[in-house]
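Structural characterization, general
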Amino acid sequence: MAAGRSGDLGMTTKYVYAFAEGNRDLKDLLGGKGANLAEMTRLGIPVPPGFIITTDACKKYLSEGKAPLELEVQVTRSLRRLEDESQKRFGDGENPLLISVRSGAKNSMPGMMETILNVGLNDKSVVGLGEQTKNPRFAWDAYRRLIQMFGKTVLGIEGSKFANAMAELSKSEGVTQDHLLSVSALQRLVTIYKEIVETESGSPFPQDPRAQLDLSVYAVFDSWNTERAKLYRRRERIADDLGTAVNVVAMVFGNMGEDSGTGVCFTRDPATGERGAYGDYLANAQGEDVVSGIRTPLTLADFRTKAPKLFDELAGIMYRLETHYRDICDIEFTVERGKLWILQTRVAKRTPAAAFRIAIQLVDEQLITMDEALMRVTGNQLAQLMFPQFQRDDAHKPIAIGIPASPGAAVGAAVFDSIRAAERAATGEKVILIRRETNPDDLGGMLASVGILTSRGGKTSHAAVVARGVGKTAVCGAEDLEVNEVERFALAGQARINEGDLISIDGLTGEIYNLEVPVAPSTVVTYLKDGITNATQNKDEATQDLIKSIDRLLRHADRRRRLLVRANADTAADSDVARRFGAEGIGLCRTEHMFLGERRVLIERVILADTQKKRDDAFAVLLPMQRKDFREMLEVMDGLATTIRLLDPPLHEFLPDLGDLKVKSALAKERGEKNESDEELLHAVARMHESNPMLGLRGVRLGLVFAGLYELQVRAIAEAMADRIEVGGNPKVEIMIPLVGSHMELKLTRQSAERVIKEVEVERRVELPIDIGTMIELPRAALTANRIGMVADFFSFGTNDLTQTTWGFSRDDVEAEFFSRYLELGVFTISPFETIDQFGVGELMQIAVERGRQSNPNIHLGVCGEHGGDPESIHFFNSIGLDYVSCSPYRVPVARLEAGRAALASI
C-alpha cells in the first residue's frame, strides 16, 4: 500500500500504518524493519502487535524542525487500536501497556540509530506491572532499563554515568551480573538513575507515558543525523535523504525469569556459510543484552537442550522465513514465560566467504537461479577473499581464543579507545581496537582499525555485526582476556598487551597472538592463479567448498558478461599473472615503466641530447632492449590483444632534480671547482624544467617534439611482432598514442607510425595488422571525439588523468590536502579516483562514445584507468557501451565477476 491521503477532517497525509497494512515491498515508506514486521504478520508468524510511523514523517520532521500536525492524531488512534488488541492500557496503573520505539531505515544500519524499550512505565505503573506479573523484580528491572535508555538516547546523557552507577551498586551488593540484583537493589538503582536524569537534564524523568512516547519518536528521528549514522551512510554509500521509519511495538519481555529470554539467530552461519541454525540466547534478559555483548550468551545448541519445544518452533519459523525470503535470515526473538515471539527479521549481512557459499547452496537447493546467485555476491567481496591469511607454525601460540566473528588476518598496534584508534590510523599506522564490548559510538575507531577484538559478546554482538558489514576482521567474546580500558592494557593469563604493542587476530579461528604472525597468500589467489585442483589439495571441507563456489560463480559471470576484461601490465611477468587470472588481453602496457631504475638514464639521454647524433646513439641502445621487452610480452599474450602505449613520462620523472643540480653547482663554485659536464647538464635540465610537468611536454607532444622517439618504439613493436610471427606465434598488437587533444596530433603520429610499420613489413616480408588508437584523457579529446575518431581504430579512456583534468585536481596533492574534508562535508561520497564521477567525467565519456561511433562505427572502446577494476564503475562502463575494461592483474577476477553482474543488472 502506497502512502495516500485519508482522514476525518479533510484530506491528510497518512503517516502511520498498522502491521496488517504493510508488506516487504514498502521499504521506502515503512523502512526495512517495519516492512518485514508487516510481512511476517501477513505470514501468520507470532509478531507482537504494533504500528509503523513512516519515513515521510521523519523527513518532514527533519526538514521543518517539528512533527507534522497529523502525526499526533494518527499515533493516538493507532495506540488505541493497539490497546484494544493487547487488552491493556498505555500508562494504566494496574494493567499497563508497554511499548518499544525502534528505528528502521530502508537500508539496514545495525546499531547506528536508536531504540528505547519499556516506554510507558512510571512510578505508578511499575508497581502495577509487578503485581500483575507477580514478579516485582522484573518490573523494576524494566523501569531502570527505560530510564537508562531514555536518559542516554532521548536526553543525551553520557551512558557511562548510568554504567558507573550500576557498577558501584553491583559491587556494594556483591554481585557481578545485573540479573543477580535484588528487587530492593533495583529500586535503589531506579532512584539513582532518576537523580542522574534530573541533575544532567535539569528536569525530572517524565511520568507522562505519552510524553515518553513522543520524545522517544523524535529521538529516533534525530538519530538519523547523528555523526555515527552519517559516517556509516558515507561508508556504505546510503543516501542522506531517505530518513528512518519508527516501529512502535507492544513489549514482550525476556527478563521475566528463567522461563524467559531473548536471542538472535541466523538460518545459516553468517561468518562461514555453514548450513544449520546459528545464534545466541540469553535467559532472563532483554534484547540489548545480547547485542551489546555485556553478557556472553549461550549458543542455540544450548537453547535446544534447555527448551526443546521452543527450539523446534523457532527452527520451523527460521526454515519458513528463509524459504519465503530465499536467503539467509537474521532473526531477533524473545521468549516470554514460555511463549515465543519474533521481533524482527531481515536478510542477514554476511562475510564474503559466507556470501559465495550460501549463494551456491541456495542454487543447489533450487531456491534461486544462477543469475540470482551471481547478483548475491559482489566484486568487493571477492577482493576481500584475496587478502592474505596467517601462516602459522609451532612457534606461534595464541594467548587467548575468542569467538571468530568476522574472518581475516589482522596485524596491528593495540589501541583501547576509538578516538585514539582513528588518530593513529590517520597517520598510516595499522591498529587493532580492543574493547570490553563496542557500542555505536565506537564506529569511527572500528572503521579506522584493521581488526576489532572484544572480551565480551558473540557472533551477534554489535562488534561482530558491524565488522561483518564493513569487512573488518573481528574476534569477540574472548573471555580469558581481561581488558582495562582506563589504564590501556589487557591481560590473558600471564601475557600482557599494552597500548601500542603489536598483536595479531584471526577472524576465522578466533585466535589472538601478542606478536606479529606472518601472512601467506590467500587460497583464493592460489585458485585464481593455479586452478581449482591445486587450490583445493589438502584443504578442509569449508575451504574446498568456498573455492568451488567461487569457481562456479566466476564461470557463470564469464558466460553472462558482455564486457571483455583486459589487464594493465608492463612486463612479461605481469602479463603472465594477468593471463592466469583470466585476462583476455593487455589493455595498457605503459612503456615508460620499462625505463624505471637503471634504465632511467636512457630516456634522460634522449631528452637532453643537443645533437641528432647523440639522440641517434641513444636510440641505437634503446631499440634492441624495447624489441626484447615487447617480444617477451607478445609471447606470453599470444593470441590475445596487447595494447602498447607509447612513452608518456612527465619530464620530471626522467630528468635529474633541478634543485640537486643547482646545489651541486653552487658547492663546486664555492670550492673553486668547475665541471663542464655538470654545468651542461644543469643548463639542459633548467631549459627543460616545467612548473607543471603533468600538463607539460609529455605524451604525444613528446613524440612530435623529439623526432624519432616514437618511431623507434613503433619499430621495436613491429619487429617484435614479426619475430613472433616467424616462429609461428599469433601476436595481436595495438599501438596507443597518449594525451591526444587534437585530431591533428593523432593524424601526424599515425602517419609516422604507419610508415615505420610499412618499412618493417617490407624488410621482414610479413603483414603486420596493427591497430592505432589513442587514450581519451583530456576533456578536449572527449568533446572532439568525432574528429579524433576519424583517425583512430580505438579509444581507451585514461580515467585517472581524465579525472584530474576534468576536476582541475593534481591527484598527488589534493588527496592528502583536502579529500578527507570533502568526504566529511559530503562534497564527495567517495573519491573520484576510486569510483568514476558519473556526472562529470562520466558525462564526458558518454559524449566521446557517442561522437566517436558517429564518425567511426567500427571503433572499439575501452577503459584502462584503475577505475576499470572498480565494481561500481564497471556497471557504468557497461551502461555506456564500452567494449572492455582493463585493470591491474590482481583486480581481473573482480572485474570478471562484476562485469557479469553488470550485464544482468542491465537486463
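Definitions and limits used
Position numbers for residues start from 1 in each chain and track the written sequence from start to end. Two thresholds apply to this predicted model, a pLDDT of at least 70 for residue-level local features and 80 or more for giving and counting side-chain atom pairs, whereas whole-chain, interface and lining totals are computed over all residues. For side-chain calculations, the full set of non-hydrogen atoms in the structure is used, while hydrogens and water are omitted. Helix and strand definitions here come from DSSP, where helices need a minimum of 4 consecutive H or I residues and strands a minimum of 2 consecutive E residues; each element is numbered from the N-terminal end. Relative accessibility under 20% of the residue-type maximum defines a buried residue, over 50% an exposed one, and the middle range a partly exposed one, all with a 1.4 Å probe and only protein chains included. Here the Shrake-Rupley method, with its probe set to 1.4 Å, supplies the accessible areas, and only the displayed protein chains count as covering residues. Contacts were defined at the residue level, with two residues in contact if any of their heavy atoms lie within 4.5 Å. At least two bridges found by DSSP between two strands are what make those strands a pair. Any pair of Phe, Tyr and Trp rings, taking the six-membered ring for Trp, is counted once the centres come within 6.5 Å. Such a pair is stacked with planes under 30 degrees apart, edge-to-face with planes over 60 apart, and tilted for the rest. Residues qualify for a patch when their relative accessible area is over 30% and they have no salt bridge, like charges being joined within 9 Å and the nonpolar side chains of Val, Leu, Ile, Met, Phe, Trp and Tyr within 5 Å. When a carboxyl oxygen of Asp or Glu is within 4 Å of a side-chain nitrogen of Lys or Arg, the pair counts as a salt bridge. Only buried Ala, Val, Leu, Ile, Met, Phe, Trp, Tyr and Cys residues count toward a nonpolar core, and they belong to the same one when joined by side-chain atoms within 4.5 Å. Helix axes use the C-alpha atoms of the stretch in contact, all axes being lines fitted to C-alpha atoms, and the angles between their N-to-C directions lie in the range 0 to 180 degrees. Angles below 35 degrees are treated as roughly parallel, those above 145 as roughly antiparallel, those between 65 and 115 as roughly perpendicular, and all remaining angles as oblique. Crossing handedness follows the turn of the near helix against the far one: under a right angle anticlockwise gives a left-handed crossing, and clockwise gives a right-handed one. Residues are grouped as follows: Ala, Val, Leu, Ile, Met, Phe, Trp, Tyr, Cys and Pro are nonpolar; Asp, Glu, Lys and Arg are charged; every other residue, Gly included, is polar. Expected span of a helix, by definition, is 1.5 Å for each gap between consecutive residues, and there is one gap fewer than residues. The definition of a polar contact used here is a pair of N or O atoms within 3.5 Å, where within protein one atom must be able to donate a hydrogen and the other to accept one, and adjacent residues in sequence count solely through side-chain atom pairs. Directions are taken from the helix axis to each C-beta atom, and the arc is the one they span. Note: pLDDT gives the predictor's confidence per residue, expressed from 0 to 100.

A separate point is the overall build of the protein chain. Of the regular secondary structure elements, the protein chain holds 37 helices and 35 strands. Counting only C-alpha atoms, the protein chain reaches 105 × 65 × 55 Å along its principal axes. Burial status across the protein chain gives 56% buried among its 907 residues. Summed over all atoms, the accessible surface of the protein chain reaches about 37,800 Å², with 49% contributed by carbon and sulfur.

Its location among the elements puts Phe 90 in strand E5 (residues 89–90). Along the chain, Phe 90 and Gly 120 lie 30 residues apart, while their C-alpha atoms are 6.3 Å from each other. Sequence-distant contacts of Phe 90, that is, excluding residues within four places in its chain, are made with Leu 79, Glu 83, Leu 97, Ile 99, Val 119, Gly 120, Pro 209, Arg 210 and Leu 213.

Attention now moves to the pairing of strand E30 (residues 641–645). Among the five residues in E30, five count as buried, and that is most of the element. Neither face of E30 is exposed, since Ala 641, Thr 643 and Arg 645 on one face and Thr 642 and Ile 644 on the opposite face are all buried. Pairing of strand E29 (residues 585–590) with E30 involves four bridges; the strand directions are parallel. In the strand pairing of E30, Cys 589 is matched with Ile 644.

What follows concerns unusual backbone geometry. The backbone of Asn 118 sits at a positive phi, close to 65°, despite the residue not being glycine. With a phi close to 55°, Asn 284 is a non-glycine residue in the positive phi region. As for its placement among the helices and strands, Asn 284 is situated in the loop between strand E11 (275–283) and helix H10 (287–292).

Time to look at the packing of aromatic side chains. Taken as a whole and assessed by the stated rule, the structure comprises 20 aromatic pairs. A centroid spacing of 6.1 Å and a plane angle of 70° characterise the contact between Tyr 143 and Phe 205, whose relative ring orientation is edge-to-face. With Tyr 143 in helix H5 (residues 136–153) and Phe 205 in the loop between helix H7 (183–201) and helix H8 (209–223), the pair connects residues that are 62 residues apart, well separated along the chain. Among the aromatic residues, those joined into a ring-pair cluster are Trp 807, Phe 809, Phe 818, Tyr 822 and Phe 828.

Attention now moves to a nonpolar patch on the surface. Taken together, Leu 704, Met 744 and Leu 748 make up a surface patch of nonpolar side chains, about 250 Å² in accessible area. Structurally, Leu 748 is set in helix H29 (residues 743–764).

With that settled, consider the nonpolar core. Judged by nonpolar contacts, the single largest core of 114 residues is most densely connected at Ile 735, Met 845 and Leu 882. Residue contributions to this core peak at 10 residues, all from helix H28 (residues 709–726). The residues contacting Leu 882, other than those within four sequence positions of it, are Arg 562, Leu 563, Phe 797, Met 845, Val 849, Leu 861, Gly 862, Val 863 and Phe 877.

Let us look at the packing of helix H22 (residues 572–580) against helix H24 (residues 612–636). What describes two packed helices is the angle between their axes and the distance between those same axes. Packing of H22 against H24 brings their axes to within 9 Å, and their N-to-C directions diverge by 15°. Taken together, H22 and H24 sit at an angle that is classed as roughly parallel. Crossing handedness for the pair H22 and H24: right-handed. Two secondary-structure elements touch here, H22 through Ala 572, Ser 575, Asp 576 and Arg 579 and H24 through Glu 632, Met 633 and Val 636. When grouped by side-chain class, the residues that make up the contact of H22 with H24 number three nonpolar, one polar and three charged.

Another aspect to go through is the sheet that holds strand E22 (residues 482–484). The strand order across the open sheet formed by three strands is E22-E23-E24, and the pairing between neighbours is antiparallel. Since the sheet does not close on itself, it has two edges, and those belong to E22 and strand E24 (495–498), each with one partner. With strand direction ignored, the average angle separating the axes of adjacent strands in the sheet is 15°.

With that out of the way, let us pick up the side chain of Asp 551. By the secondary structure assignment, Asp 551 is in helix H21 (residues 541–560). With residues up to four places along the chain from it excluded, the contact list for Asp 551 reads Tyr 527 and Ile 532.

Right, let's get into the pattern of salt bridges. Evaluation of the coordinates by the stated rule reveals 63 salt bridges. With its nearest N and O atoms 3.6 Å apart, the salt bridge here joins Glu 499 to Arg 488. Of this pair, Glu 499 sits in the loop between E24 and strand E25 (502–506) while Arg 488 sits in the loop between E22 and strand E23 (489–492); the two residues are 11 residues apart in sequence, bridging distant segments of the chain. Here Arg 724 and Asp 638 are joined by a salt bridge, their closest N and O atoms 3.5 Å apart. Taken as a pair, Arg 724 in helix H28 and Asp 638 in the loop between H24 and E30 lie far apart in primary sequence, 86 residues in all. On the basis of relative accessible area, Arg 724 is assigned to the buried category, the value being 12%. Among the charged side chains, a salt-bridge network with shared partners connects Asp 417, Arg 420, Arg 424, Glu 429, Arg 488 and Glu 499.

This next bit is on H8. Counted at 1.5 Å a residue, the expected span for H8 with its 15 residues is 21 Å, and the 21 Å between its end C-alpha atoms agrees. Taken together, the buried positions of H8 are Pro 209, Arg 210, Gln 212, Leu 213, Ser 216, Val 217, Ala 219, Val 220, Phe 221 and Ser 223. The N-capping residue of H8, defined by a side-chain oxygen 3.1 Å from the backbone nitrogen of Arg 210, is Asp 208.

In the contact formed by H24 and H28, the axes pass within 8 Å of each other and the chain directions differ by 45°. By the angle between their axes, H24 is oblique relative to H28. H28 is crossed by H24, and the crossing has right-handed handedness. Residues Phe 619, Leu 622, Leu 623, Gln 626, Arg 627, Phe 630, Arg 631, Leu 634 and Glu 635 of H24 form the contact with H28, whose participating residues are Leu 709, Leu 712, Gln 713, Arg 715, Ala 716, Ile 717, Glu 719, Ala 720, Met 721, Asp 723 and Arg 724. Counted by class, the contact of H24 with H28 contains 11 nonpolar, two polar and seven charged residues.

A word on the environment of Val 47. Within the secondary structure layout, Val 47 lies in the loop between helix H1 (27–43) and strand E4 (50–53). Separated by 286 residues in the primary sequence, Val 47 and Phe 333 have C-alpha atoms spaced 9.3 Å apart. If near-sequence neighbours (up to four positions away) are discounted, Val 47 is found in contact with Phe 19, Leu 37, Met 40, Thr 41, Trp 341 and Ile 342.

Let us look at helix H12 (residues 308–325). Taking 1.5 Å of rise per residue, 18 residues should cover 26 Å, and H12 covers 25 Å from first to last C-alpha, within 8% of that figure. Every buried residue belonging to H12 is among Leu 310, Phe 311, Leu 314, Ile 317, Met 318, Leu 321, Glu 322 and Tyr 325, and all of these are buried. Looking down the long axis of H12, one finds its buried residues gathered within 130° of arc, a one-sided arrangement. Every exposed residue of H12 that faces more than 90 degrees away from the buried side is listed here: Lys 309 and Tyr 319. Residues of H12 that are buried make contact with H1, strand E10 (261–268), E11, helix H11 (300–306), strand E13 (329–336) and strand E14 (339–347). Once H12 finishes, Arg 326 follows within two positions and takes phi at roughly 55°, a positive value.

In strand E21 (residues 473–476), alternate side chains face the same way, and those of Thr 473 and Val 475 on one face and Ala 474 and Cys 476 on the other are all buried. Relative to E21, strand E17 (residues 403–406) runs antiparallel, the two being bridged by three bridges. Bridging across to E21, Ser 406 finds its partner in Ala 474. Note: strand E20 (residues 451–454) against E21, three bridges, orientation parallel. Bridge pairing in E21 links Gly 451 to Thr 473.

Let us look at the confidence of the model for the protein chain. Across the protein chain, the average pLDDT comes to 89, with 93% of residues at 70 or higher. Scored below 50 in pLDDT, residues 1–10 shows 21 contacts in the model against residues more than four places distant or in partner chains.

This part is about the sheet that holds E29. In a beta sheet, neighbouring strands are held together by backbone hydrogen bonds and run either parallel or antiparallel to one another. Strand order around the closed barrel formed by eight strands is E28-E29-E30-E31-E32-E33-E34-E35, with parallel pairing between neighbours. Recorded for the sheet is a direction-independent mean angle of 25° between the axes of neighbouring strands. In terms of strand pairing, strand E33 (residues 794–797) meets strand E34 (residues 860–863) through four bridges, oriented parallel. Residue pairing across strands places Phe 797 opposite Val 863, the latter belonging to E34.

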